Amino acid sequence: MKFSGGFFLWVGSAPVLSNLAVSMSSKYDSMPLSTLITGDPSNTAPNSLAQRLAKKTKKQVFVSYSLPVMDSNMTLLVENSIKKELELHPEHF
């Protein structure tokens with residue numbers, strides 16, 4: 001979902017909105033600010049993904065991430081797919 005100045009990205013294997021994080025650039029730090037709005041605080045994947053996307057796009061990013069924490073291969077595949085979409089279709093972000 002795209003909106004003025006940012007976008008929402010849902011990543012999951014089931015239609016569940018969970019582990020919602022938001023990240024945005026700050027004039028006080030080179031790394032974007034990021035926080036978990038709802039979900040499991042021990043799962044850092046939504047925060048780190050939102051932060052990397054905010055840094056790359058210079059936009060506010062909301063990420064809902066509900067993939068299994070233990071599946072690092074799936075996480076890498078998903079992140080590579082997002083990078084490819086960013087390169088091929090930047091207008092969607």
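Residues numbered from 1 in each chain as written. Predicted model: local features only at pLDDT ≥ 70, side-chain atom pairs only at ≥ 80, totals over all residues. Heavy atoms only, no water.

Visitor: Give me the pattern of salt bridges: which residues, what numbers.
Guide: As enumerated under the stated definition, the model contains one salt bridge in all. Arg52 is the partner of Glu79 in a salt bridge, and the nearest nitrogen-oxygen pair spans 2.5 Å. Here the residue Glu79 occupies a position in helix H2 (residues 72–88), and Arg52 occupies one in helix H1 (residues 45–57), the gap between them amounting to 27 residues. By relative accessible area, Arg52 is classed as partly exposed at 39%. (Salt bridge = Lys/Arg side-chain N within 4 Å of Asp/Glu carboxyl O. Helix = DSSP H or I, 4+ residues; strand = E, 2+ residues; numbered from the N terminus. Buried < 20%, exposed > 50% of the residue type's maximum accessible area, 1.4 Å probe, protein only.)

Visitor: Lay out the nonpolar core in plain terms, naming residues and giving numbers.
Guide: Leu9, Val11, Leu49, Leu53, Val63 and Ile82 are the most contacted members of the largest nonpolar core, which has 17 residues in total. Where this core is concerned, the elements lending two or more residues are strand S2 (6–12), H1, strand S5 (60–66) and H2. In contact with Leu9, not counting residues within four places along its chain, are Leu49, Leu53, Phe62, Val63, Ser64 and Ile82. (Core = buried A, V, L, I, M, F, W, Y, C linked by side-chain atoms within 4.5 Å. Contact = heavy atoms within 4.5 Å.)

Visitor: Quick one: what's the story with the packing of aromatic side chains, residue by residue and with numbers?
Guide: One pass over the full model with this rule turns up one aromatic pair. Centre to centre, the rings of Phe7 and Phe93 are 5.2 Å apart; their planes meet at 80°, and the pair counts as edge-to-face. Taken together, the positions of Phe7 in strand S2 and Phe93 in the segment after H2 put the pair 86 residues apart, joining distant regions of the chain. Summarising the burial analysis for this pair, Phe7 and Phe93 share the class buried. (Phe/Tyr/Trp six-rings, centres within 6.5 Å; stacked < 30°, edge-to-face > 60°.)

Visitor: Can you explain the pairing of S5? Please cite residues and give values.
Guide: With five of seven residues buried, S5 is to be regarded as a mostly interior element. As paired strands, S2 and S5 are joined by seven bridges and run parallel to one another. Within the sheet, the bridge partner assigned to Trp10 lies in S5 and is Ser64. Pairing analysis gives four bridges linking strand S3 (residues 20–26) to S5, with the strands arranged antiparallel. If you follow Ser23 over to S5, its bridge partner there is Val61. (Pairing = 2+ DSSP bridges.)

Visitor: Account for H2, naming residues and giving values.
Guide: For H2, with 17 residues, the first-to-last C-alpha span of 24 Å sits near the 24 Å given by 1.5 Å per residue. Among the residues of H2, Thr75, Val78, Glu79, Ile82 and Leu86 are the ones counted as buried. Axial view of H2: buried residues confined to an arc of 95°, hence all on one face. When the buried face of H2 is taken as reference, the exposed residues oriented beyond 90 degrees from it are Asn73, Leu76, Leu77, Lys84, Glu87 and Leu88. The inward-facing, buried residues of H2 contact S2, H1 and S5. (Expected span 1.5 Å × (residues − 1). Arc of directions from axis to C-beta.)

On their own, these measurements won't tell you what the molecule is for.
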